[in-house]
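One-letter residues, chain by chain:
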Amino acid sequence: MGQLHHGAIGFPLRRTRLAPGSLAIIRLRFDGPDRPVRWGQFTQFREGTPGVKVAVFVKQIPDPTGVGRLDPLTHLLVRDGTELVLDPGDANGVEAALRVVEASGGEVVAITMGGERAAEVLRKAMAMGAGSAIHVADDRLRGSDALATARVLAAAVARSGCELVVAGTESTDGYTGTVPAAVAELLGWPALTFAKVLEVDSGTVRIQRQTPAGHDVVEAPLPAVVTVTGAINEPRYPSLRGIMAAKSKPLEQLSLDDLGVPPDEVGLAAAGQEVISAAPAPERAAGELIEDDGSAARRIADYLAELKVI
Amino acid sequence: MGLILVVAEVAGGSPTPLTLELVSHGRTLGDEVAVVVLDPEADAVLPALGAHGASQAYVGRETAYREHLGQPAAQVVSALVDRLHPDLVLFPGTQEGRDLAARVSARLGLPVLANAIEVTKEGDAFLVRTAIFGATVDVVTRTRSRSPLVLVRPKSFTATASGGPQPVTEVLPLPAEAPLGARRLESVVAPSAGPGLEEAKVVVSGGRGMQEAANFEVLEHLARQLGGAVGASRAVVDAGWVPYALQVGQTGKTVKPDVYIACGISGAMQHLVGMKGSSHIVAINKDPDAPIFKLSDLGVVGDALKVVPALIEELRARGLR
């Protein structure tokens, strides 16, 4: 993993060797805290409450408004030639994590697993306000399934020292939705899932969990994993100042060896299943498409009558 | 040999419809179907599970399974899977099922496959079909591990009674040292939760194209005229226009009505997977390129805010109040 992440020229850089073949750059900060410190927080810090260190999982996915493609041979998601974005569900996660820290003090660490370009979503999370980032990148991770992903992310959380993990309910490209709870199990933590409201107070997490009938109020002590739905907040746009600040925030790149995750537990070979075909779903018969010229309502009513619905 | 383990869910003293779908389909995948039922009302549902083909039942009656999310059940189900070595474990594709399958996967190092819409046996392995990219691509995955964990979407299989007797039952105690984890303090039922969305013959759904929450009133009116239920896209649920109970799609409800009328819904991938099984689809959208039109039998390029009120008038003229 020899990739270096360069920022603007003129600031001193410090390179830290993490493991053979793995380099990370940690930028020294001369611009003071990148987050305005309010009096309440300051008082809290003085009293010895360090706030909450929150990890937020982010994933780079093909633009969900476009059409997804699978490689016909490997059946893996095609990422080349597709616009790659921060998963919109994860933007809700970043926002939720930032609000926890803004209310209680602490810091947000953005964590991702992915190829070189995945660092882009870490910069985005830091532009929104995360203080630092961890990028797990290793060629041996290619083709990892949900369980392998959870093993890697759990190891990254353990290393980060975070006591709260915030994640989207499911990714917008794969929809598997099992990674956060699997991470919780690997860490031995509770998982509070499907949160539409999140509050952290004095070491306790409380959420409103969306249910088919309404919502449940669910509580657990820290450390814990929380997954959030799109209903929880409206993610902020990174400010220009935030984007500039993100370039000098620490982004640590880690390999499997750095995390101590055995290579035989991840990647395509370790996956407990193999995709044997990916084909266009049988299409519905081509329907009738009409322009509404004032008669569409009558046409729909006729159609409903044909179907004997009315 | 050939044991299929089904994780059952209980609601209001009955097995959920999805549970019966899984038990019924389990009969086609193995010689025997076992169920694990962790709920204070577990005993009440055993006759129905037996009648759908479960010959063995593993039961836990502690209230912890209702009061806590995932963790207590994960311990007991993991220990059971480790003991029985079933060929396959079927989980309901619900919030609870997902959290549980994820934890069992992590505890036992077993793969989990989510969003299955079809599961068949092929030799010693299973083929699991899922629909991705808004149900435009069908992916078939072959399992290659013992006891794979599969989360199944609702309405993928048909529940059919086998007329079987009450299953042979064993009680599983919850280990005293089990960490219980997150606790449910209260359950709030939203007053506007639309009953019958999953059973309705006609579903009238609205999306961003309805412009604002107040405009859902016309959809409610249309649904009343047609004897149907109102649904919604995730976008408008996230925006707070309507409760989550109305959400149709990947993380919401799966509906298969006779007629689905999509009003101002463009057809995001996660919405389509929840409604593409509808027998007939009518879509009204301003954008002629909206993906919803690829699925619709009758598509209207137009403003739902004009077309729906006009349709209500048209139906009124035909005698529907």
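Residues numbered from 1 in each chain as written. Chains lettered and ligands numbered in written order. Predicted model: local features only at pLDDT ≥ 70, side-chain atom pairs only at ≥ 80, totals over all residues.

Engineer: I'm lost on the interface of chain A and chain B in this one. Help?
Structural biologist: The figure often quoted for interface size is the accessible area lost as the parts come together. Taken together, the 63 residues of chain A in the interface contact 77 residues of chain B. Only α4 (146–160), α5 (179–187), β9 (191–201), β11 (214–221), β14 (273–280), β15 (288–291) and α9 (296–306) of chain A provide two or more residues apiece to the side of chain A that touches chain B. Here the element with the most residues in the side of chain A that touches chain B is β14 of chain A; it accounts for eight residues. Of the residues that constitute the side of chain A that touches chain B, the class distribution is 38 nonpolar, 14 polar and 11 charged. With four bridges connecting them, β15 of chain A and strand β17 (residues 298–301) of chain B associate as parallel partners. Across the sheet, residue Leu-289 of chain A finds its bridge partner in β17 of chain B, namely Gly-299 of chain B. (Contact = placed C-beta atoms within 7 Å. Helix = DSSP H or I, 4+ residues; strand = E, 2+ residues; numbered from the N terminus. Nonpolar A, V, L, I, M, F, W, Y, C, P; charged D, E, K, R; others polar. Pairing = 2+ DSSP bridges.)

Engineer: Would you mind showing me how to read the confidence of the model for chain B here?
Structural biologist: Residues shown with low pLDDT carry predicted positions that ought not to be read at fine detail. Of all residues in chain B, 97% attain a pLDDT of 70 or more, and the chain-wide mean is 93. In the predicted assembly, ipTM is 0.88 and pTM is 0.84. (pLDDT = per-residue confidence, 0-100.)

Engineer: Teacher, can you tell me more about the sheet that holds β14 of chain A here?
Structural biologist: Sheet strands pair via backbone hydrogen bonds, and the direction of the pair is either parallel or antiparallel. Spatial ordering of the open sheet is given by β14(A)-β9(B)-β8(B)-β7(B)-β10(B)-β6(B)-β1(B)-β4(B)-β5(B)-β11(B), a layout of 10 strands whose pairing is mixed. Looking at which strands have only one partner, the edges of the open sheet turn out to be β14 of chain A together with β11 (168–171) of chain B. Taken over all neighbouring pairs, the strand axes of this sheet differ in orientation by 30° on average, direction set aside. By the bridge criterion, three bridges tie strand β7 (residues 112–122) of chain B to strand β10 (residues 149–152) of chain B in an arrangement that is parallel. (Axes fitted to C-alpha atoms, helices over the stretch in contact; angles between N-to-C directions.)

Engineer: Which parts of the structure should I look at to understand the nonpolar core?
Structural biologist: As a rule of thumb, soluble globular proteins bury nonpolar side chains together. If you look at the biggest cluster of nonpolar residues, it comprises 193 residues, and the most contacted ones within it are Val-56, Ala-110, Val-183 and Val-226 of chain A together with Val-150 of chain B. In terms of residue count, the dominant contributor to this core is α4 of chain A (10 residues). Each of domain 1 (3–171) and domain 2 (202–317) of chain B contributes no fewer than three residues to this core. Ignoring anything within four residues of it in the chain, the contact list for Val-183 of chain A reads Ala-150, Leu-153, Ala-154, Val-157, Val-165 and Val-225 of chain A. (Core = buried A, V, L, I, M, F, W, Y, C linked by C-beta atoms within 7 Å. Buried ≥ 20, exposed ≤ 12 C-beta atoms within 10 Å, placed from the backbone. Domains from an automatic or database assignment.)

Engineer: Is there a simple way to explain the environment of Asp-87 of chain B in this structure?
Structural biologist: Residue and element names in this part refer to chain B. For Asp-87, the location among the structural elements is in the loop between α4 (71–84) and β6 (88–92). Between the C-alpha atom of Asp-87 and that of Leu-5, which follows or precedes it by 82 residues, the distance is 7.9 Å. In contact with Asp-87, not counting residues within four places along its chain, are Gly-2, Leu-3, Ile-4 and Gly-30.

Engineer: In this structure, what is going on with the domain arrangement of chain B? I would like to understand it.
Structural biologist: Residue and element names in this part refer to chain B. Segmenting chain B into domains produces domain 1 (3–171) and domain 2 (202–317). Using only C-alpha atoms to locate each centre, domain 1 and domain 2 end up separated by 32 Å. Taken together, the residues that form the side of domain 1 that touches domain 2 break down as four nonpolar, one polar and two charged.

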